[in-house]
Amino acid sequence: MTEETEAPRPRRARPEPKTRVRMSAAQRREQLITIGRQLFAERGFDGTSVEEVAARAKVSKPVVYEHFGGKEGLYAVVVDREVRALLDRITAALTAGHPRELLEQAALALLDYIEEEPHGFRVLARQAPVLAPAGTFSSVMNDVAHQVEHILAAEFRTRDLEPKLAELYSQALVGMVALVGQWWREARKPKKEVVAAHLVNLAWNGLSNLEARPGLTTRRPR
């Protein structure tokens, strides 16, 4: 009997290794900003580390340092973008001529931003680090108050009121909207249009002349 020889088994073709698509420097920078924005919103400045930013981006720590010089640089870029985004929204919203409508539009612009950009708002509303550049929520609201001040000063002149007091009133109005906005971020009720209507009701009519069921002239509740 002849010894049977076993036929050689066909070799399985090895799968082609997946080639990683390298990001451009600009794409990597945007990725790191997006990741940093989310981490700063979730954990604040002190609770975020370069190590975690790098881990989420699947890069080494030196890559983060190369783009931003460290956590402080990344934080400054994230905050600067949010400041400009919020101010652009509010500035673009102020299109009406009547002061009450302008107040409505400013309140709605802030509430829209809180609803649509929750991570960005959390970054601004959190306590900023001591060494961070200007860009905290209070500084943003101060910039908004300066815009409102010019509107109020013009209105005060038409009513024979002291224009110098416009700054005081603008700080009071913007502060009221900002604090209510922070509360509404968590409560999320009533609807933002209803919240804006009641804010304007108090600001425009005062406690002694509150409307029972205030409404907006510039946007209707959905």
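Treat the numbers as computed from the prediction; the structure is a model and nothing was measured.

Engineer: Before we move on, could you go through a nonpolar patch on the surface and cite the residues and values that matter?
Structural biologist: Where nonpolar side chains cluster on the molecular surface, the patch consists of L165, L168 and Y169 and spans about 310 Å² of accessible area. Here L165 shows up in the loop between helix 7 (137-158) and helix 8 (166-187).

Engineer: Could you give an account of the nonpolar core, with specific residues and numbers?
Structural biologist: Of all hydrophobic cores here, the largest spans 54 residues; its most connected members are L86 and M141. For this core, the element with the most residues is helix 4 (residues 71-93), which contributes ten residues. The residues contacting L86, other than those within four sequence positions of it, are L110, Y113, L124, V140 and M141.

Engineer: Account for the UniProt feature "DNA-binding region" (unreviewed entry) in the protein, naming residues and giving values.
Structural biologist: According to UniProt, the positions carrying the feature "DNA-binding region" (unreviewed entry) are residues 49-68. Helix makes up 80% of residues 49-68 and strand 0%, and the two end C-alpha atoms of the span are 13 Å apart.

Engineer: Report on unusual backbone geometry, specifying residues and quantitative values.
Structural biologist: Glycine aside, negative phi is the norm for most residues, and most peptide bonds take the trans geometry. For the peptide bond that leads from K189 to P190, omega is 0°, which places it in the cis range. Looking at where P190 falls in the secondary structure, it is placed in the loop between helix 8 and helix 9 (192-205). Residues other than glycine seldom take positive phi values, yet K58 does so here, at roughly 60°. For K58, a relative accessible area of 68% gives the class exposed. Of note in this structure, D160 is not a glycine but carries a positive phi near 60°. According to the relative accessible area criterion, D160 is exposed, its value standing at 73%.

Engineer: So what about the packing of helix 4 against helix 6 (residues 118-125)? Which residues, and what values?
Structural biologist: Viewed as axis vectors pointing N to C, helix 4 and helix 6 meet at an angle of 110°, and their least axial separation amounts to 10 Å. On the basis of their axis angle, the class for helix 4 and helix 6 is roughly perpendicular. The chirality of how helix 4 crosses helix 6 is left-handed. Each of Y75, V78, V79, E82, V83 and L86 in helix 4 lies in contact with helix 6, whose residues at this interface are G120, V123 and L124. A class-by-class count of the residues in the contact of helix 4 with helix 6 yields seven nonpolar, one polar and one charged.

Definitions and limits used
- Residues numbered from 1 in each chain as written.
- Predicted model: local features only at pLDDT ≥ 70, side-chain atom pairs only at ≥ 80, totals over all residues.
- Heavy atoms only, no water.
- Patch = residues over 30% accessible without salt bridge, like charges linked within 9 Å, V, L, I, M, F, W, Y side chains within 5 Å.
- Areas by Shrake-Rupley, 256 points an atom, 1.4 Å probe, with all protein chains shown as cover.
- Salt bridge = Lys/Arg side-chain N within 4 Å of Asp/Glu carboxyl O.
- Helix = DSSP H or I, 4+ residues; strand = E, 2+ residues; numbered from the N terminus.
- Core = buried A, V, L, I, M, F, W, Y, C linked by side-chain atoms within 4.5 Å.
- Buried < 20%, exposed > 50% of the residue type's maximum accessible area, 1.4 Å probe, protein only.
- Contact = heavy atoms within 4.5 Å.
- UniProt positions renumbered as here; feature names shortened; annotations may be inferred.
- Axes fitted to C-alpha atoms, helices over the stretch in contact; angles between N-to-C directions.
- Parallel < 35°, antiparallel > 145°, perpendicular 65-115°, else oblique.
- Left-handed = near helix turned anticlockwise from the far one by under 90°.
- Nonpolar A, V, L, I, M, F, W, Y, C, P; charged D, E, K, R; others polar.

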